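What the coordinates show
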Amino acid sequence: MNRKIKSALISVFYKDGLEPIVKLLSELGVTIYSTGGTQSFIEKLGIKVVPVESLTSYPSILGGRVKTLHPSVFGGILGKRDDETHVAEMKQYNIPEIDLVIVDLYPFEETVTSTTDEKLIIEKIDIGGPSMIRGAAKNHRDVVVVANKKDYSLLENILKEQKGETTLEQRRMFAIKAFDVCTAYDTAISNYFHQLNVTTPFNKEEKILRYGENPHQKATFFGNLDEIFEQLNGKELSYNNLVDVDGAIQLISEFPKAPSFGGGLGEVFAIIKHTNVCGIAQRSTVKESWDAALAGDPESAFGGVLVCNGTIDKATANAINEIFFEVLIASAFDEDALIVLKSKKNRILLRMKTEVRSLKSGMQRSVLNGVLIQDNDEGNYSEWKEAGGRETKASEKEDLIFANLVCKHLKSNAIALVKNKQLIGKGCGQTSRIDSLRQAIDKAKQFNFDLNGAVMASDAFFPFNDCVKMGHEAGITAFIQPGGSVRDKDSIDYCVENKLAMVITGIRHFKH
């Protein structure tokens, strides 16, 4: 069912990209209604525009809070063209049909991030805009609605190709996009009043991905990666790339050493596979960090995502170039290193512009018929309680701190074995903690690591003393765990009896 656009209501906050649409509508003989700043913008283009006030017989009042909230406007949007009663009432009350609604919303989220002035924030809660968008989307059998400037080019192409006509399928598509915009907007406002400060994705830039987690799944990314990275080489990031890159960035953000960001914790290199850490080490140079990270599990590194908190130099690039990997992320790259790394055209190279941790104000996950929202898992430990048979040595303490951060980024149940700030064994995603430990010890033995003097981190408490006993038998001398089990004493007593160090942190780091 095609509909010819004969009239349009345009009222937008952002005017960029609007000019070609307005000119095309004028060429097609479409009557344009507008108000306020948008009306002035259109008039400056030399295009005839009908003030909304001429429909409502009321000026913009209450400081602009009330402009379009009137039956003459909403009747024109909501009136059914094939309903005789609607048509008769519109004629009786001189309500013109409105076939196209181009409306965006006041920048509420942008205002929240730029000021703490509640009065300014409240004034950016749009009332008329969402109402017109929802009305037009509801009546999409007759009306086209465009609620986001990113869809201007799509509308422009349709107007050109179809000479001002739209199909029902096209109007329905625009309606779905419009409802998404309203949903995201309302969620942002609700979050502000609940003080959750969680950003909503649907009003951000949209990018259709090649496919989702698997080839038969469709996928879309909402967001602007250019704010975070400069892509220096390679193909487009896939769904799985993006998930692993996010995991890599969350991990490396625990070690804020990169020159661009300040700090001074040493060079850290990590290798991520399916969001789990398969190799990580901290050394005095990037090359040494890479060598040690790779040695932790050279098999799993194949096809992984690599991340570094320092500058990639030529020596490191030559070493990395010897293996296949999907993505390399760093705060900077030397020019001669880029020449080496760009030898593979599909290899994705990303330069970090900022710390992603500072951009993520919360975590969201869709479950069942709703969405879960939670705070980020910030921090390493809330207390440092020496509970074992002796105090930790200085070198053990450094390794325990390092191991606990690594363990935090492994899927639960998680165990990390560290020696000299190098991950030498890990167990993750197992249904029992003892199985994760067995996996971690087997990994260490597979690559000929000596576990004597190593430390162990656990993402959650030890329910029994079996883990510390097995770890001790393998050569581990210090343990770190959150505590909280009704049987904490079992593990503590074992450490006391065997002169092993144990630290209770008070923070669990489950990751599902």
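Refer to the structure printed above.
Residues numbered from 1 in each chain as written. Predicted model: local features only at pLDDT ≥ 70, side-chain atom pairs only at ≥ 80, totals over all residues. Heavy atoms only, no water.

A look at the overall build of the protein chain
Summing up its helical and strand segments, the protein chain has 18 helices and 25 strands in all. Against the compact-globule benchmark of 24 Å for 512 residues, the protein chain has a radius of gyration of 29 Å, which places it well outside the compact range. Its C-alpha atoms put the protein chain at 95 × 55 × 40 Å along the principal axes. Across the protein chain, the fraction of contacts at a sequence separation of at least 24, relative to all contacts at a separation of at least 6, is 58%. (Helix = DSSP H or I, 4+ residues; strand = E, 2+ residues; numbered from the N terminus. Rg over C-alpha atoms; globule rule 2.2 N^0.38 Å. Contact = heavy atoms within 4.5 Å.)

Quick notes on the sheet that holds strand β24 (residues 478-481)
Spatially, β20-β25-β24-β23-β21-β22 is the arrangement adopted by the 6 strands of the open sheet, whose pairing is mixed. Only two strands of the sheet have a single neighbouring strand rather than two, namely β20 (385-386) and β22 (423-427). Sheet analysis places strand β21 (residues 415-418) next to strand β23 (residues 455-458), joined by 4 bridges and oriented antiparallel. Among the inter-strand pairings, V418 is bridged to a residue of β23, identified as V455. (Pairing = 2+ DSSP bridges.)

With respect to the pairing of strand β25 (residues 501-504)
Alternating positions in β25 separate into two faces, A501 and V503 on one and M502 and I504 on the other, with burial throughout. Where β20 lies against β25, 2 bridges are found, and the strand directions are antiparallel. If you follow E386 over to β25, its bridge partner there is V503. The β-α-β motif built from β24, the intervening helix α18 (residues 488-497) and the parallel element β25 has right-handed crossover chirality. (Buried < 20%, exposed > 50% of the residue type's maximum accessible area, 1.4 Å probe, protein only. Right-handed = clockwise from strand over helix to strand, strands pointing away.)

Details of the pattern of salt bridges
According to the stated counting rule, one finds 21 salt bridges in the structure shown. Here E398 ties to K421 by a salt bridge, and the two come within 3.4 Å at their closest N and O atoms. On the criterion of sequence distance, the pair formed by E398 in helix α15 (residues 394-408) and K421 in the loop between β21 and β22 is long-range, its members being 23 residues apart. Relative accessible area serves as the criterion here: at 44%, E398 is assigned to the partly exposed category. Between D435 and R438 there is a salt bridge whose closest N-O contact spans 2.6 Å. Placement of both D435 and R438 in helix α16 (residues 433-446) is noted, with a separation of 3 residues, approximately one turn of the helix. Here the salt bridges do not stand alone but share partners, grouping R81, E97 and D99 into one network. (Salt bridge = Lys/Arg side-chain N within 4 Å of Asp/Glu carboxyl O.)

Some details on the nonpolar core
In globular proteins that are soluble, nonpolar side chains generally tend to be buried together. The biggest cluster of nonpolar side chains holds 42 residues, and the ones touching the most others in it are V245, I280 and I329. The residues touching I329, leaving out its near neighbours within four places in the chain, are F229, V245, A248, I249, V305, L306, V307, C308, L350 and M352. (Core = buried A, V, L, I, M, F, W, Y, C linked by side-chain atoms within 4.5 Å.)

Quick notes on the packing of helix α8 (residues 128-138) against helix α10 (residues 168-194)
At a minimum axis distance of 9 Å, the contact between α8 and α10 shows a crossing angle of 150°. The angle between the axes of α8 and α10 places the two elements in the roughly antiparallel class. Considering the relative orientation of α8 and α10, their crossing is left-handed. For the pair α8 and α10, contact is made by P130, I133, R134, A137 and K138 and by A175, A178, F179, C182 and Y185, respectively. Residues that form the contact of α8 with α10 fall into these classes: 8 nonpolar, no polar and 2 charged. (Axes fitted to C-alpha atoms, helices over the stretch in contact; angles between N-to-C directions. Parallel < 35°, antiparallel > 145°, perpendicular 65-115°, else oblique. Left-handed = near helix turned anticlockwise from the far one by under 90°. Nonpolar A, V, L, I, M, F, W, Y, C, P; charged D, E, K, R; others polar.)

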